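Summary of structural features
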Amino acid sequence: MQSQSQSLSDELIKVKDLQQQIQTLTDDNVDLSNDNEEALIQLALLKQQLEVQEVELSGYIDELHEQMREFEATSEHNLVAAVNTAREEERLLTSTEVDKCKDVFLRERE
């Protein structure tokens, strides 16, 4: 009977050890689940920040494209103005040279 009692006592100890292991594993699982939930929340926050930054970057890119268009338009306008000014100066210079040549020709004829 004592051996049977000892055997039952040993089995009871094993059962209690197993219960403790189960409780430890359950606690660990809850901790991991909480960590996982926290990680998912952090991931959602990072995703939200990334979306905000993406919108801001898109705005900066649009603004840069607008500035480039304005620069190109201004550059083209300035180039056209410079070409027109050069043509006018060339016309005036040519006109002055023609007048000088006429004067010289007319003096030589006299």
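The structure contained in this document is the topic of the report that follows. (Residues numbered from 1 in each chain as written. Predicted model: local features only at pLDDT ≥ 70, side-chain atom pairs only at ≥ 80, totals over all residues. Heavy atoms only, no water.)

**Things to note about the overall build of the protein**
Definition in use: A run of H or I in DSSP counts as a helix once it spans at least four residues, and a run of E counts as a strand once it spans at least two, with each numbered from the N terminus. Type-normalised accessible area, obtained with a 1.4 Å probe on protein chains alone, sets the label of each residue: buried when under 20%, exposed when over 50%, and partly exposed for intermediate values. Note on charges: Lys and Arg go in the positive column, Asp and Glu in the negative column, and His and the chain ends are not counted at all. Note that the charge is assigned to NZ on lysines, CZ on arginines, CG on aspartates and CD on glutamates.
Looking only at helices and strands, the protein features one helix and zero strands. With respect to the principal axes defined by its C-alpha atoms, the protein has extents near 160 × 20 × 5 Å. Evaluated residue by residue, the protein yields a buried proportion of 0% over its 110 residues. Here the protein holds 10 positive side-chain charges and 26 negative ones, and the gap between their average locations is 18 Å.

**Quick look at the pattern of salt bridges**
What counts here: Salt bridges are identified by distance alone: a Lys or Arg side-chain nitrogen within 4 Å of an Asp or Glu carboxyl oxygen.
Across all of its chains, the model carries three salt bridges by this definition. Ionic pairing is found between Glu11 and Lys14, a salt bridge with its closest N-O pair at 3.9 Å. With Glu11 and Lys14 both in helix 1 (residues 2-109), this residue pair falls three residues apart, about one helical turn. A relative accessible area of 41% places Glu11 in the partly exposed class. A salt bridge links Arg69 to Glu66; the nearest nitrogen and oxygen atoms lie 3.1 Å apart. Here Arg69 and its partner Glu66 are both found in helix 1, three residues apart, which amounts to about one turn of the helix. Here Glu66 falls in the partly exposed class, since its relative accessible area comes to 36%.

**Here we look at a negative patch on the surface**
What counts is decided by this rule: In this scheme, patches are assembled from residues that exceed 30% relative accessible area and form no salt bridge. Like charges are connected within 9 Å, while nonpolar side chains (Val, Leu, Ile, Met, Phe, Trp, Tyr) are connected within 5 Å. Each accessible area is a Shrake-Rupley result for a 1.4 Å probe, and residues are judged covered by the shown protein chains and nothing else.
Among the surface-exposed residues, Asp27, Asp28, Asp31, Asp35, Glu37 and Glu38 lie close enough to one another that they form a single negatively charged patch. Residue position: Asp27 is located in helix 1.

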